Amino acid sequence: MAATATAEAAGAKVVAMPGYDPRGDSAAITAIAKDKPRNVVAVGGGFGPASRLVSRLAVVRTGVQLPDGGQLVVPMHRLVALYGRPGTPSLGALGEQGISASVARIKKLAASYQALSKSPVVPTFEIITTLATSTAGPTGGYSYETPVAALRPWVRAATKAGMYVILDLQPGRDSFLQQAKMYQPLLELPNVGLALDPEWALKSNQLPLRQIGNVSITEVNSVVGWLGQLTAEYRLPQKVLVLHEFKAGEISDLPALNAHNDDLAVVMDMDGQGTPTMKQATWNFVTHTTPTGVPFGWKDFFVKDSPMLNPKQTMAHSPQPVMISYE
């Protein structure tokens, strides 16, 4: 209170906010973006080093906010996603209908979670962007890379509807980083994040559906570094980076995960399927082997779960998932 009174007496404009990250308060973002102050004084030790605050304020000054406000994906929001490949019903619920119907379907699903969530629920598309294939293809990578132009209508429709978009990578024999860089034009948008699917990350002597893939933590961290740098360079709101996992060993040396990049929200997504008991066992494994502080996602399968949990049952897990994906 004394600091506020002193600042106001000196002619400074005071912007009060909860917490110590200005990206986490919609009103603070609006006020700072409008006034564009040359100098900012942050009162409180929780703001951390000046360099970090300067970087965060650079994002705040853009005034660009995520669906439902703010510039932090989590814990400000909870994502509920429709997963799959457009035009391919066998590869997930997203491919069972066209763009407009997909928007309506995921909005209805997301709405069923709002009463169960303290955070705003954001409907999301999780699009299989590169698809592991049984043939080598022109590059020999055993992965089909969807052209950016083919994805733009889906991203455009999601953006217009106030949604988030996640680009899911199945790299085959290519690298995650190599493929992620192909989609930089879309990742430069504020509401587009990334997902890595190690199940489909294959060695030079492996083939999709014959072996279950895995990825080194070094490769994962290379994507963390690149995506974080891209987000900072373009002064974008925090981006989500989803890591899919349904069995041990998909990500080697997981404790070495770089999960604390200030520009990213790294989420570990539990992809187990089957009976509730089987899925709970996978959840227990994933939550106990992931580094402390990393939030979790949960995937529900319309066909492969028996039975599929309802929203209340899904949200009953501890810790509560910050992302729920429907395949």
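The numbering scheme is per chain: residues are counted from 1 as the chain's sequence reads. The predicted nature of this model means local features are confined to residues of pLDDT at least 70 and side-chain atom pairs, given and counted, to a pLDDT of 80 or more, with totals for whole chains, interfaces and linings taken over all residues. The side-chain quantities take in all heavy atoms of the structure and omit both hydrogens and water.

Asks: Help me understand unusual backbone geometry in this model?
Replies: Excluding glycine, residues mostly carry a negative phi; peptide bonds, for their part, are mostly trans. With an omega of -5°, the peptide bond running from S306 to P307 counts as cis. At D68, a position not held by glycine, the phi torsion is positive, near 70°. On the basis of relative accessible area, D68 is assigned to the exposed category, the value being 53%. Even without a glycine there, the phi angle at D253 is positive, about 50°. Starting at the N terminus, helices and strands are each numbered in turn, a helix being any DSSP run of H or I of at least four residues and a strand any DSSP run of E of at least two. Turning to its location among the elements, D253 is positioned in the loop between strand 6 (239-245) and strand 7 (264-270). Accessibility here uses a 1.4 Å probe with only protein chains present; expressed as a share of the type maximum, an area under 20% marks a residue as buried, one over 50% as exposed, and anything in between as partly exposed.

Asks: I tried to follow the pairing of strand 2 (residues 121-132) on my own but got confused; where do I start?
Replies: Side-chain positions along a regular strand alternate between the two faces of the sheet. In terms of burial, strand 2 is a largely internal element, 12 of the 12 residues being buried. For two strands to count as paired, DSSP must find a minimum of two bridges between them. As judged from the 7 bridges shared by strand 1 (residues 78-84) and strand 2, these two strands associate in the parallel manner. The residue bridging Y83 from the neighbouring strand is E126, located in strand 2. Looking down the strands as they point away from you, a crossover is right-handed if its path from the first strand over the helix to the second goes clockwise. Regarding the hand of the β-α-β motif, the stretch spanning strand 1, helix 4 (residues 99-114) and strand 2 is right-handed. Across 3 bridges, strand 2 lies against strand 3 (residues 143-145) in antiparallel orientation. Within the sheet, the bridge partner assigned to T130 lies in strand 3 and is E145.

Asks: Sorry, what's going on with helix 4 here?
Replies: Turn by turn, an α-helix covers 3.6 residues, leaving residues three or four places apart pointing in a common direction. Taking 1.5 Å per residue as the helical rise, helix 4 with its 16 residues ought to reach 22 Å, and the 23 Å between its terminal C-alpha atoms agrees with that figure. The set of residues buried in helix 4 consists of S102, V103, I106, L109, A110 and Y113. An end-on view of helix 4 places all buried positions within 140° of arc, on one side of the element. Opposite the buried face of helix 4, by more than 90 degrees, sit the exposed residues S100, K108 and A111. Helix span is expected to be 1.5 Å times the residue number reduced by one. The arc in question is the one spanned by the directions pointing from the helix axis to the C-beta atoms.

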